[in-house]
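Given next are the chains, with one letter for each unit.
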Amino acid sequence: MNLTITLPDDLYQRAEERANARGESVETLVQELVEQGLEVPSLSPARQRFLQSLDAARAELEASGSLFHTWEEIEAEKADRRGGVREDD
């Protein structure tokens, strides 16, 4: 079966360079790459939902501010809980 695809010039040049380095045609290279891509198992719907929920949680955390604090911030918070007394004082 024949298929016509349009590639950006820079992508075609990269494919042509790789095909030439391997001693094959761009057509053969593209066929091999498509075959390799089809061999990679696709994500199950459950895995896709899981990854989407992780992305949503990450975005929510980023929007709410950092969960990470400097050592000084942690020590200051601990000191506040002790009435302003730091452990090293």
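Residues numbered from 1 in each chain as written. Predicted model: local features only at pLDDT ≥ 70, side-chain atom pairs only at ≥ 80, totals over all residues. Heavy atoms only, no water.

If you tally the helices and strands in the protein chain, you get 4 helices and 0 strands. In the protein chain, the order of α-helices and β-strands from amino to carboxyl end is α-α-α-α. Every one of the 89 residues in the protein chain was classed for burial, and the buried ones make up 8%. Carbon and sulfur atoms provide 54% of the accessible area of the protein chain, an area that totals close to 8,200 Å². (Helix = DSSP H or I, 4+ residues; strand = E, 2+ residues; numbered from the N terminus. Buried < 20%, exposed > 50% of the residue type's maximum accessible area, 1.4 Å probe, protein only. Areas by Shrake-Rupley, 256 points an atom, 1.4 Å probe, with all protein chains shown as cover.)

This brings us to the pattern of salt bridges. According to the stated counting rule, one finds 5 salt bridges in the structure shown. Note that arginine 22 is salt-bridged to glutamate 24, the shortest N-O span being 3.4 Å. The exposure class of glutamate 24 is buried, given its relative accessible area of 19%. The shortest N-O distance in the salt bridge between glutamate 75 and lysine 78 comes to 3.3 Å. Taken together, the residues glutamate 75 and lysine 78, both in helix α4 (residues 71-81) and 3 residues apart, mark about one turn of the helix. Judged by its relative accessible area of 8%, glutamate 75 falls in the buried class. When its relative accessible area of 26% is taken as the criterion, lysine 78 is described as partly exposed. Look at the salt bridges and you will find they share partners, linking Arg22, Glu24 and Glu32 into a network. (Salt bridge = Lys/Arg side-chain N within 4 Å of Asp/Glu carboxyl O.)

In this section: the packing of helix α1 (residues 9-22) against helix α2 (residues 26-39). Where α1 meets α2, the axes come as close as 8 Å, and the angle between the chain directions of the two elements is 100 degrees. Relative to α2, the element α1 lies roughly perpendicular. Contacts between α1 and α2 pair Tyr12, Ala15, Glu16, Arg18, Ala19 and Arg22 from the former with Val26, Leu29 and Glu32 from the latter. Across the contact of α1 with α2, the residue classes tally to 5 nonpolar, no polar and 4 charged. (Axes fitted to C-alpha atoms, helices over the stretch in contact; angles between N-to-C directions. Parallel < 35°, antiparallel > 145°, perpendicular 65-115°, else oblique. Contact = heavy atoms within 4.5 Å. Nonpolar A, V, L, I, M, F, W, Y, C, P; charged D, E, K, R; others polar.)

With that settled, the discussion passes to the confidence of the model for the protein chain. Residues at a pLDDT of 70 or more form 88% of the protein chain, whose mean pLDDT is 84. For the protein chain, per-element mean pLDDT is lowest for α4, which scores 80, and highest for α1, which scores 94. (pLDDT = per-residue confidence, 0-100.)

Looking now at a nonpolar patch on the surface. A cluster of nonpolar side chains, Leu43, Phe50, Leu51 and Leu54, forms an exposed patch at the surface whose accessible area comes to about 320 Å². Relative to the helices and strands, leucine 43 resides in the loop between α2 and α3 (45-64). (Patch = residues over 30% accessible without salt bridge, like charges linked within 9 Å, V, L, I, M, F, W, Y side chains within 5 Å.)

Below, the discussion takes up the side chain of glutamate 24. Here glutamate 24 lies in the loop between α1 and α2. There is a polar contact of 3.4 Å between the side chain of glutamate 24 and the side chain of arginine 22. If we ignore the near neighbours within four places in the chain, the residues touching glutamate 24 are Ala19, Leu29 and Glu32. (Polar contact = N/O pair within 3.5 Å; in protein donor to acceptor, adjacent residues only side chain to side chain.)

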